[in-house]
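Remarks on the overall topology
Take a look at the letters that make up each chain.
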Amino acid sequence: MNVRISTKRIATERFALLNVRSAAGQVFVLQVVIVVLLVAAAVTALVIQARRDSTLDAEHQSLTAAEVFAHAPGIVEALESPDPTAVLQPRAEAARQSTDVDFIVVMDTDGIRITHPDPARIGQKFIGTIEPSLAGRTTIETAEGPVRRGVETEVVQAVVPVTDTEGSIVGLVSAGLTVQSVAGLVEQQLPIILGTGAGALALATAGTALVSRRLRRQTHGLGPVEMTRMYEHHNAVLHAVREGVLITTADGRILLANDEARRLLDLPVDAERRHVADLELDATITRLVTSGEPVTDEVHPAGGRLLMVNIRPTAPYGGSTASVVTLRDTTELAAVTGRAEVARERLARLYEAGVRVGTTLDVVRTAEELAELAVPRFADIVTVELLEPVARGGEPTGTTAMRRTAVRGGQREREAMYPVGELITFLPTTPQMRALESGRAVLEPDLREARGWQQQAPDRTRRALESGVHSLVTAPLKARGVVLGLADFWRSGDTPAFDEEDLSFAEELAARAAVAIDNARRFTREHTMAVTLQRSLLPRGMPEQDALEAAWRYRPAEAGVGGDWFDVIPLPGARVALVVGDVVGHGLHAAATMGRLRTAVHNFSALDLPVDELLGHLDDLVTRIDSEESESADGDRPDGHESAEVTGATCLYAIYDPVTGRCTMARAGHPGPAVVCPDGSVIHPDVPASPPLGLGGHPFETAELHLPEGSQLVLYTDGLIENRDRDIGTGLEQLHDVLAGEPGRTPEETCVAVIDAMLPEHPSDDIALLVARTRLLAPSKVAEWEVPADPAAVAPVRAECGAQLRTWGYEEVGFAAELILSELITNAIRYGAPPIKVRLLHNRSLICEVSDGSITSPHLRRAETMDEGGRGLFLVAQFAQRWGTRYTPGGKIIWTEQRLQDGADVTPGDSDTLSDAILAQFDDDTF
């Protein structure tokens, strides 16, 4: 991949180098042309110089050779000899070869050659100028002539006269060098010149490539056309933009200023390259520009304008150490910005009102939040008055009496106004009453002229004016078309008076607050109704019983009353039922449903059902309620109200028997109980968890505990151990810690300790807590007998029972008790099945129990005149305060209860009434 990238990069660079449209390509072509021209010039100069030098050298060599030969000894004699050629020809050739010239020619004074390298040309006329030489001078010239046989070329030749001893010219000697031989020197130097040119061309190519790469890096790959277009575009934008731009050096000199900057700062034409301090600008602008520190959106006056200044260094963005200063004229926007800022602030306040007003569903607190929000950002003092019924959660009535609910503001001004809690009736002329009647906010910009306001309470209004209060806006608190009260906004001191824009803002603020107040009012009303209903449905006191000592606490949730309940229900046989439950949901519907379930538990308890059967019947009831609510939600409710569907309930039901100390319990989706042992240790019995009520079709499992005397059974709802800040596990651990280590506490003390430690600051769910400390019935207060299945055994058992009653000191109730036992034992022997037992218990009352192995239940009926039976249970019902039947795993128990008071039997009615009732059973005309 890297090889491909490098190859592609090289190809790109070569293409850029050969592209004559690019700056690098154009420079490269220019350099090639320069190199070629330099090489050509060098070659030309070399040729000329070589030719000149060669010619001079040839002239020198020719002259030297000619002079040396002309003055050589024997030349004159040879010329005067009969055959000069024979003498001079060998000598001339030898001299030519030794002097490295092309020819040495000896001629007579007529110019006839005596010697020549080409013997064929001896005797011929010399080609050249000889006249100067005949005159005694040396002649050097260039001429065309034969050099060797068959070769004629341009030669440089010198002609030297040969003189005798008398000075007479007796002949001429000419030596010459061909021009072709001279040009050979050029051929030797030409490769060096061309190599140098090629090296220069390669160096130019490499330099151009480097320059091209640097240009591409500095111009970001832009060519000349793009660079020109970009410069033109940037220059146009720079001077067309309606924002002043200055570029300054680190020492405060201006490098560039666009037209807008010149206009805004009144810069001179020669401002560029001058120091900012020399331009006589505003001192603040000069300080900002020369400081070099970044500036963001700072507004400063300059030349009658308000300029927004921004300064940023250019170094972090690839530039040199300089700064860019931008200037924007905000003079025209100042007024608009001020109004926009006011509008923005008011919108922010209205938004804040939606967040801060109505955080609690409390009418008084909501009014206080409105006052706190408006002071001091909108008004100096705020007062809020609500109609008298509204503060209590009631419906607004026709009354105009208002109670001051909240006041915020200066202490001195507040002292001159009505205090919180004061009941006020405004006069018809006051702005408050006009606002109530019109339903719109009323403005009083100058309270010194507000005669109607001053008539309300002259002394108070005078003191208010003296304290500096001078302007008022009163706005009705109107929600859903109903006026709930008034919000009065006051200004004092140097604060400007309210205007029409303030009027509309106050009206909007009051409208938003009114909705929150109305919600709080409605919640207060519903919460009060729900609390009243629930408290009316919860136990109001401890029922009379001796099995337990109990205490309880109930704490409703802040958001609304739920469906938590608890109960202590006396049962036959000195037993007591404990129940704790929780209906899903909050509000009136949950409270009403709780009441239905509590009533059902009482009714089922009256049947003396086992705990699992009772929860089964309760489950059926919840399922039926849920079904009825679902059907109501699908159709039209007759009362026009929306249905609130029940989704279930939880319950824990326990029965404690003080005779045996056993506690049988079952739970349907409810938290298990805690048991505080007499030694202070805490256990959490493993009571099987069954599904919540309302799911239907699930059996309920029971658990049986043995509770020593003095144990505390702690029952509670999930609101005690679970909330938004604490999970169930943490809550159970905290409950365990509170209950442990404090033996001997009373149930009341235990309730106080648990609530103090575990009650959340803001409960989100109801909390029900029931603490019961167990007691045991003394063995001396219990008597039991086994009864054989023989009618003859009735009399002995009845006699033993009578004796036991006399032992206890209850002779007065003996007759009735013996009568009841006789009837019950007889019925058990006659209609029941073994084993048959009799048990007597006494504490608050005398309890007679007859048990057998049959599950048939007797029924009270009115016997006809001729019936032989059917009157026994009637007699039992008349003598006993209460009676009934309960079923056990081994059969049934028929029980009666007779109240004891000071050792006397208190029976319903007097003796005459009782006798009449008995005789009525035997009423017969013939009797």
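Bear in mind that the values here come from a model prediction, so they are computed numbers and not experimental data. Every chain is numbered on its own, with residues counted from 1 as its sequence reads. It should be noted that, the model being predicted, local features are given only for residues of pLDDT at least 70 and side-chain atom pairs only at 80 or more, the latter also being counted only at that level, while totals for whole chains, interfaces and linings use all residues. Each side-chain value is worked out from all heavy atoms of the structure, with water and hydrogens disregarded.

**Some details on the overall build of the protein**
To be explicit about the condition: Per the convention used, a helix needs a DSSP run of H or I reaching at least four residues, while a strand needs a run of E reaching at least two, with both numbered from the N terminus. Only protein chains enter the accessibility calculation, which uses a 1.4 Å probe; a residue whose area is less than 20% of its type maximum is buried, one above 50% is exposed, and one in between is partly exposed. Computed by Shrake-Rupley with a 1.4 Å probe, the accessible areas treat only the displayed protein chains as cover when residues are assessed.
When helices and strands are tallied, the protein shows 25 helices and 32 strands. Within the protein, buried positions represent 45% of all 927 residues. Looking at the protein as shown, the accessible area adds up to about 46,800 Å², and 54% of this sits on carbon and sulfur atoms.

**Some remarks on the side chain of Ser711**
Under the convention used in this document: Two N or O atoms form a polar contact when they lie within 3.5 Å of each other; inside protein one atom must be a possible hydrogen donor and the other a possible acceptor, and for residues adjacent in sequence the pair counts only when both atoms belong to side chains. Should any heavy atoms of two residues lie within 4.5 Å, those residues are counted as being in contact.
Checked against the element boundaries, Ser711 lands in the loop between strand E24 (703-706) and strand E25 (712-716). Here the side chain of Ser711 touches Pro708 through a polar contact of 2.8 Å, landing on its backbone oxygen. In this structure, Ser711 is in contact with Val675, Val676, Cys677, Pro678, Ala772, Arg773 and Thr774, ignoring residues within four places of it in sequence.

**Digging into the sheet that holds strand E13 (residues 442-444)**
We count it as follows: DSSP-based pairing: two strands are paired if at least 2 bridges between them are found. Each axis is a line fitted through C-alpha atoms, and for a helix only the stretch in contact is used; angles between axes span 0 to 180 degrees, taken between their N-to-C directions.
With antiparallel pairing, six strands are arranged side by side in an open sheet as E12-E11-E10-E15-E14-E13. Every interior strand has two partners, whereas the edge strands, strand E12 (423-424) and E13, have only one. Where strand E11 (residues 402-409) meets E12, two bridges bridge the pair, whose relative direction is antiparallel. In the strand pairing of E12, Arg403 is matched with Leu423. Here helix H11 (residues 363-374) sits on the sheet and contacts strand E10 (381-387), E11, strand E14 (469-479) and strand E15 (482-492); the angle it forms with E11, its principal contact strand, is near 35 degrees.

**Describing the side chain of Asp608**
Assignment of secondary structure puts Asp608 in the loop between helix H18 (588-606) and helix H19 (611-634). Residue Asp608 is classed as buried on the basis of its relative accessible area, which comes to 6%. Apart from the residues within four sequence positions on either side, Asp608 is in contact with Pro572, Arg575, Thr885, Arg886 and Trp895.

**Looking at the confidence of the model for the protein**
Here is the rule we go by: For every residue, the predictor assigns a confidence score, pLDDT, that lies between 0 and 100.
Predicted confidence across the protein gives a mean pLDDT of 79, with 83% of residues reaching 70 or more. Residue range residues 5-11 is modelled with pLDDT below 50. Its contacts to residues more than four positions away, or to other chains, number zero contacts. Contacts of residues 902-927 to residues separated by more than four positions or lying in other chains number 29 contacts, the stretch itself having pLDDT below 50.

**Here's the deal with the nonpolar core**
Defined as follows: Each nonpolar core is a collection of buried residues, namely Ala, Val, Leu, Ile, Met, Phe, Trp, Tyr and Cys, held together in the definition by side-chain atoms within 4.5 Å.
Counting residues in hydrophobic clusters, the biggest one holds 46 residues, and the most contacted among them are Val384, Leu477 and Phe489. Among the secondary structure elements, those contributing two or more residues to this core are H11, E10, E11, helix H14 (431-438), E13, E14, E15 and helix H17 (500-537). With ten residues, H17 is the largest single contributor of residues to this core. For Val384, the contacting residues outside a window of four places in its chain are Ala367, Leu370, Arg403, Arg404, Thr405, Ala406, Leu477 and Leu486. Core analysis: the next-biggest nonpolar cluster, separate from the first, contains 30 residues, Val787, Trp808, Leu821 and Leu840 among them.

**A few points about a negative patch on the surface**
For the record, the criterion: Residues form patches when they are more than 30% accessible in relative terms and have no salt bridge. Like charges link within 9 Å. Nonpolar side chains (Val, Leu, Ile, Met, Phe, Trp, Tyr) link within 5 Å. Criterion for a salt bridge: a side-chain nitrogen of Lys or Arg within 4 Å of a carboxyl oxygen of Asp or Glu. In this count, Lys and Arg are taken as positive residues and Asp and Glu as negative ones, while His and the chain termini are left out. In this description, the location of a charge corresponds to atom NZ of lysine, CZ of arginine, CG of aspartate or CD of glutamate.
Together, Glu722, Asp727, Glu733 and Asp737 line one region of the surface with negative charge. Residue position: Glu722 is located in the loop between E25 and helix H20 (728-739).

**Here's the deal with the pattern of salt bridges**
Side-chain pairs of opposite charge can arise where the charged atoms are in close proximity. What the rule picks out here adds up to 31 salt bridges. Measuring nitrogen to oxygen at the nearest pair gives 3.1 Å for the salt bridge that ties Glu466 to Arg462. Of the two residues, Glu466 and Arg462 both sit in helix H16 (residues 458-466), four residues apart, roughly one turn of that helix. Assessed through its relative accessible area of 52%, Glu466 is described here as exposed. Using a relative accessible area of 42% as the deciding quantity, one classes Arg462 as partly exposed.

**Let's talk about the packing of aromatic side chains**
What counts, and what does not: Each Phe, Tyr or Trp ring (for Trp, its six-membered ring) is paired with any other whose centre lies within 6.5 Å, and the angle between the two planes then decides the class: stacked below 30 degrees, edge-to-face above 60, tilted in between.
For the coordinates displayed, the defined rule picks out five aromatic pairs. By the ring-pair criterion, three or more aromatic residues cluster together here, those being Phe378, Phe489, Phe498 and Phe505.

**Describing a nonpolar patch on the surface**
Where nonpolar side chains cluster on the molecular surface, the patch consists of Val29, Val33 and Leu37 and spans about 250 Å² of accessible area. Secondary-structure assignment places Val33 in helix H2 (residues 23-70). Judged by its relative accessible area of 41%, Val33 is partly exposed.

**Structural notes on helix H22 (residues 794-808)**
Helical geometry: 3.6 residues make up each α-helical turn, so side chains three or four residues apart lie on a common side. Which entries qualify depends on this criterion: Given the number of residues in a helix, its expected span is that number minus one, multiplied by 1.5 Å. The directions considered for the arc are those from the helix axis to the C-beta atoms.
If you check H22, its first and last C-alpha atoms are 21 Å apart, about what 15 residues at 1.5 Å a residue would give, namely 21 Å. Here H22 has its buried residues at Val794, Val797, Cys801, Gly802, Leu805 and Trp808. Angular distribution of buried residues about the axis of H22 spans 140 degrees; they occupy a single face of the element. Each element contacted by the buried residues of H22 is listed here: strand E27 (782-787), helix H23 (814-831), strand E28 (836-842) and strand E29 (845-852). Backbone geometry just after H22 places Gly809 at a positive phi near 90 degrees.

**Describing the pairing of strand E8 (residues 305-313)**
Both strand E7 (residues 295-302) and E8 contribute to a ladder of six bridges, which runs antiparallel. Across the sheet, Pro301 pairs through a bridge with Leu306, a residue of E8. Counted along the chain from E7 to the antiparallel partner E8, the turn is two residues long, and its residue Gly303 has a positive phi close to 60 degrees.

**Overview of the pairing of E25**
The buried fraction of E25 amounts to five of the five residues, a majority that puts the element mostly inside the structure. Residues Gln712, Val714 and Tyr716 line one face of E25 and the alternating positions Leu713 and Leu715 line the opposite face, and both faces are buried. Pairing geometry for strand E21 (residues 674-676) and E25, over three bridges, is antiparallel. Bridged to Val675 within E25 is Leu713.

**Points about the environment of Val390**
Note on placement: Val390 falls in helix H12 (residues 388-391). Looking at Val390, the relative accessible area reads 0%, which means it is buried. For Val390, the residues in contact, after removing those within four places along its chain, are Val363, Pro396, Leu484, Ile517 and Arg521.

**What to know about the environment of Gly585**
Following the sequence through the fold, Gly585 ends up in strand E18 (residues 576-586). Of the residues examined, Gly585 reaches a relative accessible area of 33% and is grouped as partly exposed. Sequence separation between Gly585 and Asp765 is 180 residues, and the spatial gap between their C-alpha atoms is 9.3 Å.

**Describing helix H21 (residues 747-758)**
When the terminal C-alpha atoms of H21 are compared, their 16 Å separation across twelve residues agrees well with the 16 Å that a helix rising 1.5 Å per residue should span. Within the span of H21, buried status applies to Pro747, Thr750, Cys751, Val754, Ile755 and Met758. Each buried residue of H21 sits inside an arc of 125 degrees when the element is viewed along its axis, so together they form one side. Elements that come into contact with the buried residues of H21 comprise strand E16 (548-555), E25, H20 and strand E26 (767-774).

**Notes on the packing of H20 against H21**
As a reminder, the rule being used: The scheme is simple: roughly parallel for angles under 35 degrees, roughly antiparallel for over 145, roughly perpendicular for 65 to 115, oblique for anything else. Left-handed is the label given to a crossing in which the near helix is rotated counterclockwise from the far helix by less than a right angle, and right-handed is the label when the rotation is clockwise.
Viewed as axis vectors pointing N to C, H20 and H21 meet at an angle of 140 degrees, and their least axial separation amounts to 10 Å. By the angle class used here, H20 and H21 are oblique. The interaxial crossing formed by H20 with H21 has right-handed handedness. Where H20 abuts H21, its residues Gly731, Gln734, Leu735, Val738 and Leu739 lie against Thr750, Ala753, Val754, Ala757 and Met758.

**A look at the packing of H22 against H23**
Defined as follows: Gly counts as polar in this scheme, as do all residues outside two lists: the nonpolar Ala, Val, Leu, Ile, Met, Phe, Trp, Tyr, Cys and Pro, and the charged Asp, Glu, Lys and Arg.
At a minimum axis distance of 9 Å, the contact between H22 and H23 shows a crossing angle of 150 degrees. Here H22 is positioned roughly antiparallel relative to H23, judged by the angle of their axes. In the crossing of H22 with H23, the sense of the turn from one axis to the other is right-handed. Contact residues: H22 offers Val794, Val797, Arg798, Cys801, Gly802, Leu805 and Arg806, while H23 offers Gly814, Ala817, Glu818, Leu821, Ser822, Ile825, Thr826 and Ile829. Split by residue class, the contact of H22 with H23 holds eight nonpolar, four polar and three charged.

**Considering the sheet that holds strand E9 (residues 322-329)**
The pairing of strands in a sheet comes from backbone hydrogen bonds and takes either a parallel or an antiparallel form. Ordered by their spatial adjacency, five strands build an open sheet running E6-E5-E9-E8-E7, and the pairing between neighbours is antiparallel. In this open sheet, the two edge strands, each paired with only one partner strand, are strand E6 (254-257) and E7. Going across the sheet, the axis of each strand differs from the next one's by a mean of 25 degrees, ignoring polarity. Pairing geometry for strand E5 (residues 244-249) and E6, over three bridges, is antiparallel. From the neighbouring strand, Thr248 faces E6, where its bridge partner is Ile254. Across the sheet, helix H9 (residues 283-291) touches E5, E7, E8 and E9, and the angle it forms with E7 is around 155 degrees.

**Overview of unusual backbone geometry**
Note: most peptide bonds trans; most residues except glycine with negative phi. Residue Pro376 follows Val375 across a cis peptide bond; omega there is 5 degrees. Tracing the chain through its elements places Pro376 in the loop between H11 and E10. Note the cis peptide between Pro834 and Pro835, where omega equals -5 degrees. Along the chain, the position of Pro835 falls in the loop between H23 and E28. If you check the backbone angles, Asp100 has positive phi at about 60 degrees while not being a glycine. Topologically, Asp100 is positioned in the loop between helix H4 (84-99) and strand E1 (103-107). Assessed through its relative accessible area of 61%, Asp100 is described here as exposed. Non-glycine residue Arg273 carries a positive phi angle of around 75 degrees. Among the secondary structure elements, Arg273 is positioned in the loop between helix H8 (259-265) and H9. Take Arg273: its relative accessible area is 61%, and that puts it in the exposed class.

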